[in-house]
Amino acid sequence: MDHDQDDGHGGQGERHDGGQPARPGRVHFRRSARNPNGSTAPLRADVLAALGVLKIATYKQLHALIAADEYRAHHRVEHVAEAVRDLTKHKLVDVRGTTSPPGRRPAPKTAPAAGGDGGDGGAGGGEGAAKPKPGGPGAEKIVGLTPLGLAAAAEALGDDRDMGGHARGAGLTGAPHAMLVNELVIAAVTGTTTHGAPPRTDKRQAPPRRALPTGPLPGGIEAWATETPHTITGKVNVIPDAVVRLPELGIPVAFLELDRGTMTDIRKVAGKLDNYKRYFDRTVHDGGQERLEVEVRYNAPEPAYGYRPRRAVRPPVLFVLDQGTRGSRPRYSPEALEQRLEELRNATREHWQGHTHEQEGVTYATFDGRIPVLGTTVERLREHGWQGPIWWRFGRPGRHSLTDALNDEPDWDLIAQRRQEREDQEHAEQEQAAKAKQDARDAKQRARLLAARAHNDQMHPCRTCHGPLGGAHDSEDELDENAHPDRLECPSCDRQRRTDKRRPIVLDLPTTRALRRAERHGPPSDDPWWNVRLLHSKRWSKDDRSNGGIPHSMTQIPHGRSMPDRY
């Protein structure tokens, strides 16, 4: 609100007949002919601004909004009443009627409902429901703006907004719907409520208010508007109970619908979303591109490149359900109200249901062209406040805060965490499989080595080092295959011979006497290389040896190759 409004006398307040200004520190000025009740210009501007948003309100409701400002905390209800009376004198404000205290007997069903308060179901209420008679003990005056006051309120608010109508005749039936909408707006702006507050000790003071756990919403009273028409086509409008702009929370605009239970058929309440969808789908040309009208009207962020209106998520609609009253008793129990919320969810499914996706076991939804629909109850809002975990996003389990309920972004951190866990698990499984494969290969190679070792240990020893023919056990050079019968050296000695470029070993020819003795008694025990000597004698005869027919390099025959392939 604008606290710097003057009153036509330089902002110094009204002067009395002697031209003396009021003493500083007072909450009103000395009475004058222009403002006989002595109200200050800033206070009158605050009253106009509050009524410009609420359209109709009681003195206590106006005081709750105005006194929430630390610079206006010293004002009392009677000061607000004085400001209203001065504004009435200037034909900016008039009295619309009185509220309907709880527990009053309802009026006959045939009672005219002309004017109404625009509550559930538009004009006339829901299905012939009886209205409590206004007035009586505990009733409060309802004041509202005149057409002239509506223009003054627009100037007091100081922003370019559609002020809507001035709620003509809204107080004739007690305006229970408008009074409850006002309570919700006041709770959002001030972060307080009268419910659950300590009892009032001084009747001259305003009712005590209890601070809500989550505090107020940002933006103040200027962020709100009530009973503002949104044109669909021609004379067809959608008129939400309240509109709030919360760019500080990343919510350009949200629409509030209050249901007091007067429409017993929940499908009539759900039918409001049909008109919302028609309005949300309206497009206009803005800056050479086609955009949604609601985004242009409420200054939504500029769309990204490749923007298409049909893919944009529509503004949220917040349904707040109240138990209502039937005489002095609640219309719905808390359990019945929860059931009514579920029925509302089912009846509006076509408007809010998105497309389900899954990544890494995380399920999320996209809502191209859909309307986010949230539901809660008045009692939950009174208990926890607007930013408490009270909102049920239709299509999601549980209750969330307002910002969390409207957050459609998947949990990318959780998806990335699970993707990393999956990749780590796959990597571990691959390593485990590779290790198992290598272990099997090593076991097979070990078994082959042990079999070759057992075979080679039964053969003749190395001619050079007299060690095992297959090589030292568990050494790098140990053969893992059966040594050929004519092999004379272990792998280490054979490699050393090649390094030294020495000729291979060729055993001497056996003598005739040795051959005969071997035929009669078997191979000589003192010559472990007897069989190799016989092979060499067959391979290289005496003539070959005398003519230099012994090869320069003699290698062991690899496994699977024949003797002719060796040279």
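See the structure shown above.
Below you will find a few notes about this structure. (Residues numbered from 1 in each chain as written. Predicted model: local features only at pLDDT ≥ 70, side-chain atom pairs only at ≥ 80, totals over all residues. Heavy atoms only, no water.)

## A short note on the overall build of the protein
- From N to C terminus, the protein includes 17 helices and 19 strands.
- Burial analysis of the protein (567 residues in total) assigns 42% to the buried set.
- Considering only contacts within the protein whose residues lie at least 6 apart along the sequence, 64% involve residues at least 24 apart.
- Total accessible area computed for the protein in this model is approximately 30,100 Å², and 49% of it derives from carbon and sulfur atoms. (Helix = DSSP H or I, 4+ residues; strand = E, 2+ residues; numbered from the N terminus. Buried < 20%, exposed > 50% of the residue type's maximum accessible area, 1.4 Å probe, protein only. Contact = heavy atoms within 4.5 Å. Areas by Shrake-Rupley, 256 points an atom, 1.4 Å probe, with all protein chains shown as cover.)

## Points about the sheet that holds strand β2 (residues 93-98)
- Spatially, β1-β3-β2 is the arrangement adopted by the 3 strands of the open sheet, whose pairing is antiparallel. At either end of the open sheet lies a strand with only one pairing partner, and these are β1 (56-58) and β2. Averaged over all pairs of adjacent strands, the angle between their axes in this sheet comes to 35 degrees, without regard to strand direction.
- Pairing of β2 with strand β3 (residues 141-145) involves 5 bridges; the strand directions are antiparallel. Bridge pairing links Val93 to Leu145 in β3. (Pairing = 2+ DSSP bridges. Axes fitted to C-alpha atoms, helices over the stretch in contact; angles between N-to-C directions.)

## Some remarks on the packing of aromatic side chains
- In the structure shown here, the tally under the stated rule is 10 aromatic pairs.
- Summarising the aromatic geometry, the rings of Tyr279 and Phe280 are spaced 6.0 Å apart at their centres and angled 55 degrees between planes, so their arrangement reads as tilted. A single burial state applies to Tyr279 and to Phe280, both of which are buried.
- Measuring from centroid to centroid gives 6.3 Å for Trp352 and Phe394, while their planes differ by 65 degrees, and the two rings are edge-to-face. Taken together, the positions of Trp352 in helix α10 (residues 349-352) and Phe394 in the loop between β19 (392-393) and α12 (402-405) put the pair 42 residues apart, joining distant regions of the chain. A single burial state applies to Trp352 and to Phe394, both of which are buried.
- An aromatic cluster of at least three residues, connected via ring pairs, comprises Phe255, Tyr276, Tyr279, Phe280 and Tyr298.
- The ring of Phe367 has Arg393 sitting right over it, with the charged end atom 4.7 Å from the ring centre.
- It is Arg463 that lies over the ring of Trp529; its NZ or CZ is 4.5 Å from the centre. (Phe/Tyr/Trp six-rings, centres within 6.5 Å; stacked < 30°, edge-to-face > 60°. Lys NZ or Arg CZ within 6 Å of the ring centre and 35° of its normal.)

## Quick look at helix α4 (residues 147-157)
- Along α4, the residues that are buried comprise Gly149, Leu150, Ala152, Ala153, Ala156 and Leu157. An end-on view of α4 places all buried positions within 165 degrees of arc, on one side of the element. Facing away from the buried side of α4 by over 90 degrees, the exposed positions are Pro147, Leu148, Ala151 and Glu155.
- Considering only its buried residues, α4 is in contact with α1 (41-54) and β3.
- Phi turns positive one or two residues past the end of α4, at Gly158, with a value near 75 degrees. (Arc of directions from axis to C-beta.)

Fair warning: the whole summary comes from geometry, so function is off the table for now.
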